[in-house]
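Next come the chains, spelled out residue by residue.
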Amino acid sequence: MKVKSKMKSKGTKKIVKKKTKKTTSSAKMDLDSFLETMENSSGDEEKPGKLVRVKKANQEESDSGDDENVQDDIESMKKLKEIDPEFYKYLQDNDKDLLNFNADDILSDDERMTGDDAAAESDEDEGSTAMEGKFQVASDESDFEDDDAAPEGEEDREDENDEKGVITLKMLKGFEVKLREDRVSAETIRKVIQAFNSALRSISPDVKSSSEYHVKGSGVFNGVIQLCVLHLHSAVWRFLGLTERKNIKDLHKVKKWTKVRTPMRSYVTDLTHILENVSSTDILTVLLKHLHQMVPAVVAVHGASKSVLKRLVALWATSPEETVRVLAFLCIIKLTRAQQQQFLSTVLKVMYLSFVRNARFVSPTTLPGINFMRRSLAEMFTLDTECSYQHAFLYIRQLAIHLRNAVTLKRKESYQAVYNWQFVNALKLWGDVLGATVNTELSALIYPLVTIIQGVIKLIPTAQWFPLRFHCIRVLINLTKSTRIFIPVLPFVLEILQSATFNKKHTQISLNAMPFTCILRCTRPQLEELSFRTQVTENIFSTALEYLAAESYSLTFPDLVVPAIVNLKQYLKTCQVAATSRKLKQLLDLIIDNSRIIEAERMKINFSLRDAALIQSWETQMENNGIPLLTFYTNWVKTNDLKKRREANNTDEIADFHLPKLKKRTPQEMNVKAGGSMDLLPSDSEDDEEELELEKPIPKKIKITKEEKGKKFIKKEDNVEEEPSTSAAGPLDVVEDLDIADWLS
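Moving on to the nonpolar core. The tendency in soluble globular proteins is for nonpolar side chains to be buried side by side. In terms of nonpolar packing, the biggest core is built from 173 residues, with Leu 240, Trp 316, Met 380, Trp 430 and Val 456 touching the most fellow members. Ranked by residues supplied to this core, first place goes to helix H10 (residues 218–240) with 13 residues. Leaving out residues up to four positions away in the same chain, Met 380 has contacts with Phe 329, Ile 332, Ile 333, Thr 336, Leu 344, Val 347, Leu 348 and Met 351.

Considering every residue of the protein chain, the mean pLDDT works out to 75; 66% of them sit at 70 or more. For residues 1–31, every residue scores under 50 in pLDDT, and the model assigns this stretch 24 contacts once sequence neighbours within four places are set aside.

Take the pattern of salt bridges next. Scanning all chains against the criterion turns up 10 salt bridges. Close ionic contact of Arg 374 with Asp 432 constitutes a salt bridge, the shortest N to O distance being 2.7 Å. Taken as a pair, Arg 374 in helix H17 (residues 367–381) and Asp 432 in helix H20 (residues 421–436) lie far apart in primary sequence, 58 residues in all. A salt bridge links Glu 546 to Lys 481; the nearest nitrogen and oxygen atoms lie 3.3 Å apart. Here Glu 546 is found in helix H26 (residues 530–550), whereas its partner Lys 481 is found in helix H22 (residues 466–483), with 65 residues between them in sequence.

In this section: the packing of aromatic side chains. Aromatic rings considered in pairs are described by the distance between their centres and by the relative angle of their planes. According to the stated counting rule, one finds 15 aromatic pairs in the structure shown. Here the aromatic rings of Phe 516 and Phe 532 are separated by 6.4 Å at their centres, their planes lie at 50°, and the arrangement is tilted. Linking Phe 516 in the loop between helix H24 (500–503) and helix H25 (524–527) with Phe 532 in helix H26, this pair joins segments that are 16 residues apart in sequence. Judged by its relative accessible area of 1%, Phe 532 falls in the buried class. The structure contains a cluster of three or more aromatic residues connected by ring pairs, namely Tyr 352, Phe 381, Tyr 395 and Trp 430. Sitting over the ring of Phe 239, Lys 256 keeps its end group 5.5 Å from the ring centre. The ring of Phe 502 has Arg 533 lying over it, and the distance from NZ or CZ to the ring centre is 4.8 Å.

Between helix H16 (residues 340–358) and helix H18 (residues 385–409), the shortest axis-to-axis distance is 10 Å and the interhelical angle comes to 30°. When the axes of H16 and H18 are compared, the pair comes out roughly parallel. The interaxial crossing formed by H16 with H18 has right-handed handedness. Residues Leu 344, Ser 345, Leu 348, Lys 349 and Tyr 352 of H16 pack against Cys 387, Ser 388, His 391 and Tyr 395 of H18. Tallied by class, the residues present in the contact of H16 with H18 amount to 5 nonpolar, 3 polar and 1 charged.

Conventions we followed
Residues numbered from 1 in each chain as written. Predicted model: local features only at pLDDT ≥ 70, side-chain atom pairs only at ≥ 80, totals over all residues. Heavy atoms only, no water. Core = buried A, V, L, I, M, F, W, Y, C linked by side-chain atoms within 4.5 Å. Buried < 20%, exposed > 50% of the residue type's maximum accessible area, 1.4 Å probe, protein only. Helix = DSSP H or I, 4+ residues; strand = E, 2+ residues; numbered from the N terminus. Contact = heavy atoms within 4.5 Å. pLDDT = per-residue confidence, 0-100. Salt bridge = Lys/Arg side-chain N within 4 Å of Asp/Glu carboxyl O. Phe/Tyr/Trp six-rings, centres within 6.5 Å; stacked < 30°, edge-to-face > 60°. Lys NZ or Arg CZ within 6 Å of the ring centre and 35° of its normal. Axes fitted to C-alpha atoms, helices over the stretch in contact; angles between N-to-C directions. Parallel < 35°, antiparallel > 145°, perpendicular 65-115°, else oblique. Left-handed = near helix turned anticlockwise from the far one by under 90°. Nonpolar A, V, L, I, M, F, W, Y, C, P; charged D, E, K, R; others polar.

Written as structure tokens, this is what we have:
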């Protein structure tokens, strides 16, 4: 209220002074002299007439509202006297005229304001001109006017300050043109990085930023990300003068690096932050490809590699998409090689712990990811064998401690610490690592690892753990194939043939396959199924064939297979299952034929058996000549892989498993009898005999007379064909009529 009163006091003083001047001037001249003066003072006749017209209109409006305005002001002064008596007393002492309101003062104020507006706006109406004399409001269309055409003023400066720093698509286009230039400036790189920081801040308010830009809208956000991903890395290399790929190594040694070191530090931090908060596979793929290009800059920024590697390892271990895993690993290995002495030991430790943590559960969906982690981690351990030996020795020793506790304590918890997927996958990993680092420091760990695997097989040698046994056997086979060190594998394979559970006749038939790829233990009901025996037979054949094929060209092959030949011949004499006998008989024949060829060639040797170089040369020659067992194994692997791929692609198609089909017949396909009634159970036609269908006639209920309770007499009804006779033990079992060999062939 005080501010309003002060403003009124200043304005009123000016109005009063101007009013007195006009009153005195108009009193000295009459109407004729006034009109004569108006005609002489202006050459344009329209402006005086309009000026008079505006004044009359304003005067009429002011006359009608004078009384109301005066009363309002008087009431305001009365309220001021009650609210702030000290200020009211100050006005009485210093400006008494302010408290005396009359219609002449208001009229003079209206005339002054209207006159100014009439000189500025000549085409406005009378009412609008009077209103514009009091208020001036900027229109919304002024926001779209050009800056050059806009009038200079305080309001225009405020609008410019509000829009300053907001990134537009036009601005991004200008940045792109500058980044493509041959001579890129450091200021352009700094502005682009600030724009990237602002884009990240728009989706994550927690990001610390000192950028002067602001990103509004998803279109601008995508444009900023696309600009940095596509053009920033090449622009930075051109600015630093690194045109060849071989020179992009030590950026911190380049002279111009100091000019962009601070912006690049901010950019690497923001890039790591956005990788931590993005879940879209497509965006992650693009960002990881960009990060792979920016690895030299990440290395040059001190302290940035640690956080980047941490996020990359998380993506490598937990991402559900294979593409993201591969790109993350490529970034890890490139970044680690650039700083191998500093980060290799830490990266190996973190990656191994992540692998074990995420290899706890194996299923058809998680198995590809676990296999990729195992193979890629084995490649990381081959970068520096001296550093890898420390980690391998420590972790293999931990596996040995778990096995020792299980053997000595014999508790359920100690057994579970060994018989789980984490332990088995760790054995597979170290088998791959030692197989890939032959003739290095890690070769000393082969014997401890083989001893641990053999101890795991012997820990619980029951039929329920046959799947785990085959996983361990395959680790030993891969190890002996890569290292060419003799490992006794055949005894663990042939031991299964002496198992009572394996030789026991099955009591259940399961049409579903039971692959051992994703299981370690079979349940007791599964041991009684036919599929269990089938899978065990297939694994015995495949593991024995793979191991013997690796040793087929060895000089000691005839001596190596003597126990296997004896055990197989003894088992085939007692085996009554046609499918198992056929598989093992085929394996035995291959072993005998290959043994005869090697023994015949061995008789021609004239050099000493102590000469290892000549023995290796002879074995290489035998391998190149083509051994029957090795040739058969090569063809078998191709056929088996093709079969697995076909089953993986056609899992939902029942026809691939040769299962019986339930064929639904339409009424048109059914035979209609002469009497008009349909034969719902027609006899099988010649075409139907080619397929196995469950559409045979269902026998009618058997009616037994009261007189013959001891004998089963079947009463035949009319129009029903005679069914096959049942045995004395009960009704006919359809399963007994099926030949198991046909199902397994």
